[in-house]
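# Residue-level structure breakdown
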Amino acid sequence: MNTSAAPAGPGPVPAAPSAGNATGVLTGAGAGAGPDGAGKAAASAARSVNITPIFVRLKLSLLRNGLKGSSKRKAAYFGALASALVVAFFATLGLALLRGNAHASTVVVLLAAILALCWTFVPLFFPTGDETLDPSRLVMLPLRPRPLVRALLASSLVGIGPLFTLSLAIGSTIALARGAAGAVAAVLAAPLLLVGCVALARAVATANVRLLTSRKGRDLALLSGLLIAIGAQVANFAGQRLFESGGLERLEPAEAVVRWLPPATAVGMVDSASEGAYGIAAAQLFITVAALGLLLWFWERSLTKLMVTPDGSTISAAKEKKQRAAGAGGVLGRWPLLPDDRTGAAVQRALRYIVRDPKTKAAWVSALAVGMIIPVANALQGSGSVYLTCFASGMLGVQMYNQFGQDTSAFWMVAQTISSTRDAYVELRARALALALVTVPYTVVVAAVTAALVGDRAGFPAALGLALALLGSMLCTGALASARFPYSIPTDGAFKNVAPGQGALAWAGIFGGLFASALICSPVIVLTVYLNGADHQSLSWILLPLGVAWGTLATWAGLRLAAPTVVRRLPEILLAVSKG
């Protein structure tokens with residue numbers, strides 16, 4: 001809610017422009033900060049006012065005012081609404097067509113469980129999607145927890161997500177409802193499933209609101225792409241298994257358990273009532289209602305604690321900073337294996353960026369996860385190859401591109417220390433070394449795991465050698481792209497990795513570098529194809545030392561070629577990376 005502008009001192013709270021007259025009712029109820037009589041009258045008025053319709057109007061006002069003055073925002077919102085309605089229509093129709101199918105209950109019950117999981121975890125990864133997820137903005141208003149829970153729950157039912165969920169709930173109940181008892185159960189199940197999902201989302205979000213508004217929460221939002229990538233691979237793997245003969249039958253044991261877990265019990269109740277098992281249906285209805293009551297109670301307790309407990313995150317952060325400062329022994333601190341010179345300091349800085357900078361961390365974690373998921377998933381599906389290890393090294397090799405962009409405007413401090421080609425070479429070498437310290441061991445692990453899963457241990461040396469040669473080629477082109485095609489990475493916006501107006505520059509550097517890397521590595525690729533022939537497969541082990549040597553040579557050449565360009569274009573690089 002946009003009520004965070006409420007002043008901390010006594011006096012009436014100014015009405016939010018987006019809330020219209022609705023906020024005036026709230027502020028009128030809370031104006032009793034003067035004499036005791038006025039305070040009691042205000043408290044009595046606050047208890048007598050039904051704030052639920054006020055919060056619904058506030059939510060509608062936020063939606064309406066959020067679309068004013070921005071054609072792009074309007075297009076995005078109405079485009080998302082239209083897409084959701086189309087998908088919801090066809091999904092509801094597809095579920096309705098399952099009516100009478102032997103596996104309808106399996107599909108529908110598990111779908112309800114998936115909906116509940118999505119409602120539980122999506123707010124943790126996309127906390128900025130609904131600004132009303134932070135009820136601490138209402139802390140200055142005289143609102144009691146229980147009416148506030150009802151009001152927030154009602155306002156949460158307004159939006160595209162609840163509409164989509166309601167459509168799926170209706171389709172699910174149509175698929176299972178048979179007879180008069182099934183129809184009655186369906187009428188109860190659809191709203192219970194919707195309210196259960198929404199209450200689950202709000203309760204979890206309220207319990208973790210300190211996390212969602214902290215730096216760790218922003219890191220979590222940035223890592224949402226990783227969740228999407230893993231979910232896509234899991235869905236792909238599961239989909240292939242389900243479409244096989246007897247695939248749905250394998251899910252029946254899971255469905256037998258899930259139908260007793262709320263809020264999926266609401267859908268299970270419809271199936272039980274349709275089958276004539278009225279006692280089981282009554283038990284599932286009781287579990288659904290009881291779980292919803294416990295969830296609302298937990299939400300109320302979390303909300304009360306949030307409203308009366310001060311935020312001590314800054315205090316704990318200060319303590320951690322002092323502890324880190326006290327534990328740092330010397331310039332390199334806990335990095336005694338690094339040389340005590342510019343190379344060691346630059347490597348340490350680059351590694352700290354990976355751990356601490358939110359966007360750098362998100363890029364690295366996503367690359368590490370996807371680089372492992374693709375080879376392993378394909379191997380488990382029976383279509384893998386040990387040479388998919390190159391995908392892992394390529395995902396991390398891309399991190400070498402735009403090395404100076406992650407510094408943003410702070411690059412001026414690095415630029416002040418570069419006065420010669422030697423300084424630029426050492427800086428680039430240190431950044432490449434920091435990347436190699438993570439990427440090389442990781443590539444070895446991915447190659448070993450993939451070779452074991454596909455049963456091709458003899459191909460391990462060749463695949464690892466080719467992957468390392470590709471990595472060295474990408475370090476070469478990444479250094480050149482960092483010097484010639486730098487761009488700024490905005491500090492604001494979780495999903496903006498390129499400053500406005502620099503998109504073409506970023507794509508030119510990345511795709512041009514990938515194409516050049518393939519050309520640089522082409523001799524090793526050709527030799528790999530040749531040695532994998534029937535007559536020369538026993539000699540493929542030579543690709544491992546050759547790949548290491550080729551990658552090292554390519555990296556050295558790229559750093560040498562990029563260093564003079566960095567010295568010559570320092571002002572242009574600083575200007576380019578400072579636009580975010």
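Definitions and limits used
Residues numbered from 1 in each chain as written. Predicted model: local features only at pLDDT ≥ 70, side-chain atom pairs only at ≥ 80, totals over all residues. Heavy atoms only, no water. Helix = DSSP H or I, 4+ residues; strand = E, 2+ residues; numbered from the N terminus. Contact = heavy atoms within 4.5 Å. Areas by Shrake-Rupley, 256 points an atom, 1.4 Å probe, with all protein chains shown as cover. Expected span 1.5 Å × (residues − 1). Buried < 20%, exposed > 50% of the residue type's maximum accessible area, 1.4 Å probe, protein only. Arc of directions from axis to C-beta. Axes fitted to C-alpha atoms, helices over the stretch in contact; angles between N-to-C directions. Parallel < 35°, antiparallel > 145°, perpendicular 65-115°, else oblique. Left-handed = near helix turned anticlockwise from the far one by under 90°. Disulfide = S-S within 2.5 Å. Phe/Tyr/Trp six-rings, centres within 6.5 Å; stacked < 30°, edge-to-face > 60°. Lys NZ or Arg CZ within 6 Å of the ring centre and 35° of its normal. pLDDT = per-residue confidence, 0-100. Core = buried A, V, L, I, M, F, W, Y, C linked by side-chain atoms within 4.5 Å. Patch = residues over 30% accessible without salt bridge, like charges linked within 9 Å, V, L, I, M, F, W, Y side chains within 5 Å. Salt bridge = Lys/Arg side-chain N within 4 Å of Asp/Glu carboxyl O.

For the rest of this paragraph, the subject is the overall build of the chain. Helices and strands together make up the secondary structure of the chain, namely 25 helices and zero strands. A separation of at least 24 residues holds for 79% of the contacts in the chain among residues at least 6 apart in sequence. For the chain, the accessible surface area stands at approximately 28400 Å², while carbon and sulfur atoms represent 68% of it.

The next subject is helix H14 (residues 278–308). Here H14 spans 45 Å end to end across 31 residues, near enough to the 45 Å set by a 1.5 Å rise per residue. Listing the buried residues of H14 in full gives Ala281, Gln284, Thr288, Leu292, Leu295, Trp299, Glu300, Ser302, Leu303 and Leu306.

Moving on, we get to unusual backbone geometry. Pro262 connects to Pro263 through a cis peptide bond whose omega is 0°. Relative to the elements of secondary structure, Pro263 occurs in the loop between helix H12 (252–258) and helix H13 (264–274). Positioned with a positive phi, Thr408 is a non-glycine residue whose angle comes to about 50°.

Within helix H23 (residues 522–531), the full set of buried residues consists of Val524, Thr528 and Leu531. Angular distribution of buried residues about the axis of H23 spans 75°; they occupy a single face of the element. In H23, the exposed residues that point more than 90 degrees away from the buried face are Val526 and Val529.

Another point: the packing of helix H6 (residues 145–156) against H14. Two quantities define a packed helix pair, namely the angle between the helix axes and the distance between the axes. The geometry of H6 relative to H14 is characterised by a closest axis approach of 9 Å and an angle of 115° between their N-to-C directions. What the angle tells us is that H6 and H14 run roughly perpendicular. Considering only the axes of H6 and H14, their crossing is right-handed. When H6 is examined against H14, the residues Pro145, Arg146, Leu148, Val149, Leu152 and Leu153 are found in contact with a partner set consisting of Leu296, Trp299, Glu300, Leu303, Thr304 and Met307.

As for its placement among the helices and strands, Glu427 is situated in helix H20 (residues 421–454). The contact partners of Glu427, leaving out residues within four places of it in the chain, are Arg342, Ala346, Arg349 and Val414.

Tallied over the entire structure, the rule returns zero disulfides. In this structure Cys197 is a free cysteine whose sulfur lies 9.1 Å from that of Cys118, the closest cysteine sulfur available. Counting only cysteine sulfurs, Cys390 is the nearest neighbor of Cys521, a cysteine outside any disulfide, at a range of 7.3 Å. Take Cys521: its relative accessible area is 0%, and that puts it in the buried class.

Summed over the entire model, instances satisfying the criterion amount to two aromatic pairs. Taking the centre distance of 5.3 Å and the plane angle of 75° together, the rings of Phe89 and Phe90 count as edge-to-face. A single burial state applies to Phe89 and to Phe90, both of which are exposed. Across the ring face of Tyr425, the terminal group of Arg560 is positioned such that the distance to the ring centre comes to 4.1 Å.

Before going further, it helps to spend a moment on the packing of helix H24 (residues 543–568) against helix H25 (residues 570–577). It is at 5 Å that the axes of H24 and H25 come closest, and there the two elements cross at 80°. Relative to H25, the element H24 lies roughly perpendicular. Contacts between H24 and H25 pair Val566, Val567 and Arg568 from the former with Leu570, Pro571, Glu572 and Ile573 from the latter.

Our next topic: the confidence of the model for the chain. Interpreting fine coordinate detail is not advised for predicted regions of low pLDDT. Residue-level pLDDT values for the chain average 77, and 74% of them are 70 or greater. Element-level pLDDT for the chain is lowest in helix H1 (residues 21–29), with a mean of 42, against a maximum mean of 92 in H24. Of the regions scoring below 50 in pLDDT, residues 313–318 engages in zero contacts with residues more than four places distant in sequence or in other chains. Contacts from residues 325–333, a stretch scored under 50 in pLDDT, to residues over four places away or in other chains number 10 contacts.

Here we take up the environment of Arg250. Following the sequence through the fold, Arg250 ends up in the loop between helix H11 (224–242) and H12. For Arg250 and Thr106, which are 144 residues apart along the polypeptide, the C-alpha to C-alpha distance reads 9.9 Å.

Moving on, we get to the environment of Lys361. With respect to the secondary-structure elements, Lys361 resides in helix H17 (residues 358–380). The buried category is assigned to Lys361, whose relative accessible area is 19%. When the C-alpha positions of Lys361 and Leu351 are compared, they lie 9.9 Å apart, and in sequence the two are 10 residues distant.

Below, the discussion takes up the nonpolar core. Core analysis: the largest hydrophobic core is formed by 50 residues, its most contacted members being Phe55, Val267 and Val270. Contributions of two or more residues to this core are made by helix H3 (52–66), helix H5 (104–125), H6, helix H7 (160–176), helix H8 (179–207), H13 and H14. The greatest single-element share of this core, amounting to 13 residues, is contributed by H8.

The residue Thr120 is located in helix H5 in this model. Sequence-distant contacts of Thr120, that is, excluding residues within four places in its chain, are made with Leu200 and Val204.

Here Pro486 lies in the loop between helix H21 (460–484) and helix H22 (503–520). Ignoring anything within four residues of it in the chain, the contact list for Pro486 reads Asn402, Ala481, Leu505, Arg569, Ile573, Ala576 and Val577.

Take a nonpolar patch on the surface next. There is a patch of nonpolar side chains on the surface, built from Val86, Phe89, Phe90, Leu93 and Leu97 and spanning about 550 Å² of accessible area. Along the chain, the position of Phe89 falls in helix H4 (residues 71–97).

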